Amino acid sequence: MTWHDNDLMMYLVDESGKPITNFPAKCPVCGKEHAHILMHRFSDRTGFGTFWAWCDNCFSYTHCSYRVPKWWINPAFLDLDRLDSLVDYPHELQDKIDSWVNKLLE
């Protein structure tokens, strides 16, 4: 599979960083319910971190530096050594990540 960087994936969250729906979500690129997000806060003091969004149907994704919203809690199940700018590792865990995000949204 070949991933395609597409900033439209940012439309999965609003301006405050709140997801627009539960996950998997409707992809802003292809319209199928195969979109996912993940955030990771580097430090509670700064709030800065990183953001990934991807669709496992059309293989669109985005990754960027991000001011992670206060409601976000980093999931303990992530292997931080495997996180990088690519979306391959989050894609492997997308069902677990979706459950985590949906739990935070309750």
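For the structure itself, consult the block above.
Read on for an overview of the structure.

Helix and strand content of the protein chain: 2 helices and 5 strands. In the protein chain, the succession of α and β elements from N to C terminus is β-β-β-β-β-α-α. Taken over the C-alpha trace, the protein chain has a radius of gyration of 13 Å; the compact-globule value for 106 residues is 13 Å, and the two agree within 12%. Seen through its C-alpha atoms, the protein chain measures out along the principal axes to roughly 35 × 30 × 25 Å. In the protein chain, buried positions account for 43% of the 106 residues. Across the protein chain, contacts joining residues at least 24 apart in sequence account for 51% of those joining residues at least 6 apart. Taken as a whole, the protein chain presents about 6200 Å² of accessible surface, with 49% of it coming from carbon and sulfur. Averaged over its 10 positive side-chain charges, the protein chain has a centre that lies 7 Å from the centre of its 15 negative ones.

Cut-offs applied
- Residues numbered from 1 in each chain as written.
- Predicted model: local features only at pLDDT ≥ 70, side-chain atom pairs only at ≥ 80, totals over all residues.
- Heavy atoms only, no water.
- Helix = DSSP H or I, 4+ residues; strand = E, 2+ residues; numbered from the N terminus.
- Rg over C-alpha atoms; globule rule 2.2 N^0.38 Å.
- Buried < 20%, exposed > 50% of the residue type's maximum accessible area, 1.4 Å probe, protein only.
- Contact = heavy atoms within 4.5 Å.
- Areas by Shrake-Rupley, 256 points an atom, 1.4 Å probe, with all protein chains shown as cover.
- Lys, Arg positive; Asp, Glu negative; His and termini not counted.
- Charge placed at Lys NZ, Arg CZ, Asp CG, Glu CD.

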